[in-house]
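# Geometric and topological summary
For reference, the chains in residue letters:
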Amino acid sequence: MFVKSVMIPKEKCLTVNVNASLMDALQQLDEKEIDALPILENGIYKGMFNKYLLYKAFFYSDVDRDTFLKQTTVRDIVVREDTFVQLEDVFESALVKLYDFPIIAVLDEGKFLGIVTRYDTILQFRSAFGMESKGTRIALTSVESEGRILKVADILKKYHTPVISLVTFDETDKIARRIVLKIDNDQKLNRIIGDFEKSGFRVLHIDKDE
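Residues numbered from 1 in each chain as written. Predicted model: local features only at pLDDT ≥ 70, side-chain atom pairs only at ≥ 80, totals over all residues. Heavy atoms only, no water.

With that out of the way, let us pick up the packing of aromatic side chains. Taken as a whole, this structure holds 3 aromatic pairs when the rule is applied. Note on Phe-59 and Tyr-60: the rings are 5.1 Å apart at their centroids and 90° apart in plane angle, and the pair reads as edge-to-face. Exposure class is identical for Phe-59 and Tyr-60. Each is exposed. Between Phe-196 and Phe-201, the aromatic rings sit 5.8 Å apart at their centres with planes inclined by 70°, giving edge-to-face as the arrangement. We note that Phe-196, like Phe-201, is buried. Here Arg-148 stacks its cationic end above the ring of Phe-201, 4.1 Å away from the centre of that ring. (Phe/Tyr/Trp six-rings, centres within 6.5 Å; stacked < 30°, edge-to-face > 60°. Buried < 20%, exposed > 50% of the residue type's maximum accessible area, 1.4 Å probe, protein only. Lys NZ or Arg CZ within 6 Å of the ring centre and 35° of its normal.)

Structure representation (structure tokens):
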């Protein structure tokens, strides 16, 4: 999956001009109940603004609150100018950069195209783990060797079992790999589990949605 698949396009984004006062920017955050705003100058991305940055800047200022909000511009406290993703980047690159900020800008040669939000990434993980569909989640572990995922697929194909999701872990030099599989609730579950175990998989946990 790529960034463009989960991006909110600029036409649907709220942004703030780089020369806007902090009061104007703060009003946008409060009125729309959002966490952060991309800062633009003639369509070019300049950084991000949020309440934390405002509070931090005010703490270190030596003026009263009203003067600070009215006379300080967004440009004065801009951050994350160099933190963004490209339209064709893989989704995982956005995930890493969203670790400590609620949104990230999507750019093309500096031009602002839209944003990816932390909420969007959570939705994608819910989808990857099949959390929106009822079924049976099976956690397996196996010695890392070629063809183990194919073996899982062969067993499920044998019983004509639809797969909702399949995620693997331990993509390192470890000798064991964990597999979390979610399938449609199936009356053949005991036979499927039996075939997994006969094929060298260890079943760690089974959880059936009701």
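Take the pairing of strand E4 (residues 44-50) next. With 5 of 7 residues buried, E4 is to be regarded as a mostly interior element. Here strand E3 (residues 36-41) runs beside E4; their pairing, made up of 6 bridges, is antiparallel. Bridge pairing in E4 links Ala-36 to Asn-50. Joining the antiparallel neighbours E3 and E4 is a turn of 2 residues, in which Asn-42 adopts a positive phi near 55°. (Helix = DSSP H or I, 4+ residues; strand = E, 2+ residues; numbered from the N terminus. Pairing = 2+ DSSP bridges.)

A contiguous nonpolar patch, built from Ile-149, Val-163 and Leu-166 and spanning about 210 Å² of accessible area, is present on the exposed surface. Relative to the helices and strands, Leu-166 resides in strand E9 (residues 163-169). (Patch = residues over 30% accessible without salt bridge, like charges linked within 9 Å, V, L, I, M, F, W, Y side chains within 5 Å. Areas by Shrake-Rupley, 256 points an atom, 1.4 Å probe, with all protein chains shown as cover. Salt bridge = Lys/Arg side-chain N within 4 Å of Asp/Glu carboxyl O.)

Its identity as a non-glycine residue notwithstanding, Glu-33 has a phi of 55°, on the positive side. Overall, the relative accessible area of 72% leaves Glu-33 in the exposed class. Positive phi, normally seen in glycine, also occurs at Asn-42, with a value near 55°. Position of Asn-42 relative to the elements: it lies in the loop between E3 and E4.

Nonpolar side chains in soluble globular proteins generally cluster together in the buried interior. Counting residues in each nonpolar core, the largest one holds 16 residues, and the members touching the most others are Val-16, Leu-22, Phe-49, Leu-54 and Val-74. Contributions of two or more residues to this core are made by helix H1 (22-32), E3, helix H2 (51-59) and helix H3 (65-71). Considering each element in turn, this core owes the most residues, 4 residues, to H1. The residues touching Val-16, leaving out its near neighbours within four places in the chain, are Ala-25, Gln-28, Leu-37, Pro-38, Ile-39, Leu-40 and Val-74. (Core = buried A, V, L, I, M, F, W, Y, C linked by side-chain atoms within 4.5 Å. Contact = heavy atoms within 4.5 Å.)

Regarding helix H7 (residues 189-198), the residues found buried are Leu-189, Ile-192, Ile-193, Asp-195 and Phe-196. The arc enclosing the buried residues of H7, seen along the axis, measures out at 160°, which places them on a common side. Turned more than 90 degrees away from the buried face of H7, the exposed residues are Asn-190, Arg-191 and Lys-198. Looking at the packing, one finds that the buried side of H7 touches strand E8 (136-143), helix H6 (148-158), strand E10 (176-183) and strand E11 (202-208). Within two residues after H7, Gly-200 carries a phi angle of roughly 95°, on the positive side. (Arc of directions from axis to C-beta.)

Turning next to the packing of H6 against H7. Running from amino to carboxyl end, H6 crosses H7 at an angle of 150°, the nearest separation of the two axes being 10 Å. It follows from the interaxial angle that H6 and H7 lie roughly antiparallel. In the packing of H6 onto H7, the handedness of the crossing is right-handed. Here Val-152, Ile-155, Leu-156 and Lys-158 of H6 lie close against H7, whose contacting residues are Ile-192, Asp-195 and Phe-196. Considering only residue class, the contact of H6 with H7 consists of 5 nonpolar, no polar and 2 charged. (Axes fitted to C-alpha atoms, helices over the stretch in contact; angles between N-to-C directions. Parallel < 35°, antiparallel > 145°, perpendicular 65-115°, else oblique. Left-handed = near helix turned anticlockwise from the far one by under 90°. Nonpolar A, V, L, I, M, F, W, Y, C, P; charged D, E, K, R; others polar.)

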